[in-house]
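Observations on the model geometry
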Amino acid sequence: MKRKAVFPGSFDPITNGHYDIIKRGISLFDEVIVAIGINADKKYMFSLEERKKFIEESFKDEPKVKVITYEGLTIDLCRKLDADFILRGLRNPADFEFEKAIAHTNRRLSKIETVFLLTASKTSYISSSIVRDVIRNGGDYTVLVPESVVVKK
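Read on for an overview of the structure. This is a predicted model, so every value here is computed, not measured.

**Topic: the pattern of salt bridges**
Under the counting rule described, the total for this entry stands at 11 salt bridges. Two residues, D76 and R79, come together in a salt bridge whose shortest N-O distance is 2.8 Å. With D76 and R79 both in helix α3 (residues 74-81), this residue pair falls three residues apart, about one helical turn. Residue D76 is classed as partly exposed on the basis of its relative accessible area, which comes to 39%. Between R88 and E99 there is a salt bridge, and its shortest N-O distance comes to 2.7 Å. Of this pair, R88 sits in strand β4 (residues 85-90) while E99 sits in helix α4 (residues 93-109), and the two are 11 residues apart along the sequence. Residues R88 and E99 agree in their burial class; the two are buried.

**As for the environment of L109**
Relative to the elements of secondary structure, L109 occurs in helix α4. Beyond its immediate sequence surroundings of up to four residues, L109 is in contact with I75 and R79.

**Section: the sheet that holds strand β1 (residues 4-9)**
Strands sit in the order β3-β2-β1-β4-β5 across an open sheet of five strands; the sheet is parallel. Edge positions in the sheet fall to β3 (65-70) and β5 (113-118), since each of these pairs with one other strand and no more. Across the sheet, the mean angle from the axis of one strand to that of its neighbour is 30°, orientation sign disregarded. For β4 and β5, the ladder comprises six bridges, and the chain directions are parallel. Note on β5: the bridge partner recorded for I86 is T114. Docked against the sheet, α4 engages β4 and β5, running at close to 170° with respect to β4.

**Brief notes about helix α2 (residues 48-58)**
Buried within α2 are the following residues: R51, F54, I55 and S58. Taken down its axis, α2 places every buried residue within 90° of arc, on the same side. Buried residues along α2 sit in contact with α1 (16-28), β2 (31-37) and β3.

**Quick word on the pairing of β1**
Where a strand is regular, its side chains alternate between the two sheet faces. Counted residue by residue, β1 has five buried out of six residues, so it is predominantly covered. Relative to β2, β1 runs parallel, the two being bridged by six bridges. The residue of β2 that forms the bridge with F7 is V34. Strand direction decides the pairing type here: β1 and β4, joined by two bridges, are parallel. From the neighbouring strand, A5 faces β4, where its bridge partner is F85.

**Notes on the nonpolar core**
Residues I22, V32, V34, I55 and L87 are the most contacted members of the largest nonpolar core, which totals 27 residues. Sorting the residues of this core by element identifies β1, α1, β2, α2, β3, β4 and α5 (128-136) as the ones contributing at least two each. Within the second largest apolar cluster, 12 residues are counted, among which are A35, Y70, L77 and I112.

**Here's the deal with unusual backbone geometry**
The residue after D12, namely P13, is reached through a cis peptide bond having omega 0°. Looking at the secondary structure, you find P13 in the loop between β1 and α1. The phi angle at F11 is positive, at roughly 50°, despite the residue not being glycine. If you trace the backbone, F11 turns up in the loop between β1 and α1. On the accessibility criterion, F11 (2% relative accessible area) is buried.

Calculation criteria
Residues numbered from 1 in each chain as written. Predicted model: local features only at pLDDT ≥ 70, side-chain atom pairs only at ≥ 80, totals over all residues. Heavy atoms only, no water. Salt bridge = Lys/Arg side-chain N within 4 Å of Asp/Glu carboxyl O. Helix = DSSP H or I, 4+ residues; strand = E, 2+ residues; numbered from the N terminus. Buried < 20%, exposed > 50% of the residue type's maximum accessible area, 1.4 Å probe, protein only. Contact = heavy atoms within 4.5 Å. Pairing = 2+ DSSP bridges. Axes fitted to C-alpha atoms, helices over the stretch in contact; angles between N-to-C directions. Arc of directions from axis to C-beta. Core = buried A, V, L, I, M, F, W, Y, C linked by side-chain atoms within 4.5 Å.

Now the structure itself:
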């Protein structure tokens, strides 16, 4: 049986923290599906196409990584893709509390297991919102994101 994990998020943009979780997930699963969620109410800095391209480019040489977009519940996507796991990264205790509630809800509504990986200490402070703030204010964001994330001026 193929071990498939869905790694959901908005990835606006993908950060070195996300990259690290995906790379480590590759060693645990036969396939890691990076699922970019679409939320019509959310204002994104990067278009869906840009976010997808950033991730695809970062993992172009990794056949175990697939990038898709989706709307709706992550557990419904998992059922559709025949994935038994949701992969999530944890940076801090606040992440844990938030993610724990979602994981319990997902297990109550389905048989999907959530696998948590702690972010590497060198990337644990990075979040997409911090990256967006650095970009907005003209700072050097390049140390926070994979090379594929290029902001056109």
